[in-house]
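An overview of the molecular structure
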Amino acid sequence: GRTPPGLLDGVSALRILFQPVIETRPGENGVVASAFALVEIDEVARLRQDGGPAAFSAGERAYAEARSDPDRRLAARLAAKRAACRLLGGGTEAGDVEVVRGRYGPPALRLSERAARRMRALGAREALVSLTHERQHAAAVVLLLREEP
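Structure report, in brief. Because the structure is a prediction, the values reported are computed rather than measured.

Quick notes on the overall build of the protein chain
The secondary structure content of the protein chain amounts to five helices and six strands. Helices and strands in the protein chain line up, N terminus first, as α-β-β-α-α-α-β-β-α-β-β. A total of 149 residues make up the protein chain; the buried ones form 35% of that total. Long-range contacts, defined here as pairs at least 24 residues apart, represent 53% of the contacts in the protein chain between residues at least 6 apart. Of the accessible surface of the protein chain, which amounts to about 8700 Å², a share of 50% is contributed by carbon and sulfur atoms.

Structure (structure tokens):
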């Protein structure tokens, strides 16, 4: 079929096409659920300009500020937080999820006790995250892995 005129114009199309997705297929490959989130870099730039986003931990801000592209780094972290919060539900907020990484290691999620309880209640034992960014957008995928029998 044809794409309706204007559907793919500009950023609003990205908001439509890339809304966070939650997929659940218990038992398949050990994945309890997965989510994808996309964030515009400009959103984080505006948040920082307006006094700074309270959703970021001191460690996340320090990591981003030590790089040449802090808005991109924070946008990827915001995408990860949004994806994780959608998966966990139960009142989980961005402040309950922190994106951390070792010196050369991949990113990981550090969950508050409340978020960790929600994850366990969903039958998951671990959360994995993957981050990416480019000039205008950042994205994250979060997987919840089930507990071993």
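Notes on the side chain of T92
The residue T92 is located in the loop between α4 (70-88) and β3 (97-101) in this model. Polar contacts involving the side chain of T92 include one to the main-chain carbonyl oxygen of G89, which spans 2.7 Å. Those residues in contact with T92 that sit more than four places away from it in its chain are C85, V97, A115 and R118.

Some details on the pattern of salt bridges
Any two side chains of opposite charge can pair, so long as their charged atoms come close to each other. One pass over the full model with this rule turns up ten salt bridges. Of the charged contacts, one joins R48 and D71 as a salt bridge, the two residues approaching to 2.4 Å between their closest N and O atoms. Linking R48 in helix α2 (residues 41-49) with D71 in helix α4, this pair joins segments that are 23 residues apart in sequence. The shortest N-O distance in the salt bridge between E113 and R117 comes to 3.9 Å. Remark: R117 and E113 occur in helix α5 (residues 113-121); sequence separation between them is four residues, near one turn of the helix. Given the relative accessible area of 47%, E113 is considered partly exposed. Among the ionic contacts, a cluster of salt bridges with common partners joins R48, E65 and D71.

Some words on the pairing of strand β6 (residues 137-146)
Within a regular beta strand, the side chains point alternately toward one face of the sheet and then the other, so they alternate between its two faces. Within β6, seven of the ten residues are buried, which leaves it mostly tucked inside the rest of the structure. Summarising the sheet, strand β2 (residues 31-40) and β6 pair through nine bridges and their orientation is antiparallel. Within β6, the residue paired with V31 across the bridge is L145. Here strand β5 (residues 124-133) folds back onto β6, and the loop between the two strands holds three residues.

Topic: the packing of aromatic side chains
What the rule picks out here adds up to zero aromatic pairs. Here R67 stacks its cationic end above the ring of Y63, 4.0 Å away from the centre of that ring.

A look at the nonpolar core
Ranked by size, the top nonpolar core spans 32 residues in total, and within it L109, V142 and L144 carry the most contacts. Here the element with the most residues in this core is α4; it accounts for eleven residues.

Thresholds, definitions, all that
- Residues numbered from 1 in each chain as written.
- Predicted model: local features only at pLDDT ≥ 70, side-chain atom pairs only at ≥ 80, totals over all residues.
- Heavy atoms only, no water.
- Helix = DSSP H or I, 4+ residues; strand = E, 2+ residues; numbered from the N terminus.
- Buried < 20%, exposed > 50% of the residue type's maximum accessible area, 1.4 Å probe, protein only.
- Contact = heavy atoms within 4.5 Å.
- Areas by Shrake-Rupley, 256 points an atom, 1.4 Å probe, with all protein chains shown as cover.
- Polar contact = N/O pair within 3.5 Å; in protein donor to acceptor, adjacent residues only side chain to side chain.
- Salt bridge = Lys/Arg side-chain N within 4 Å of Asp/Glu carboxyl O.
- Pairing = 2+ DSSP bridges.
- Phe/Tyr/Trp six-rings, centres within 6.5 Å; stacked < 30°, edge-to-face > 60°.
- Lys NZ or Arg CZ within 6 Å of the ring centre and 35° of its normal.
- Core = buried A, V, L, I, M, F, W, Y, C linked by side-chain atoms within 4.5 Å.

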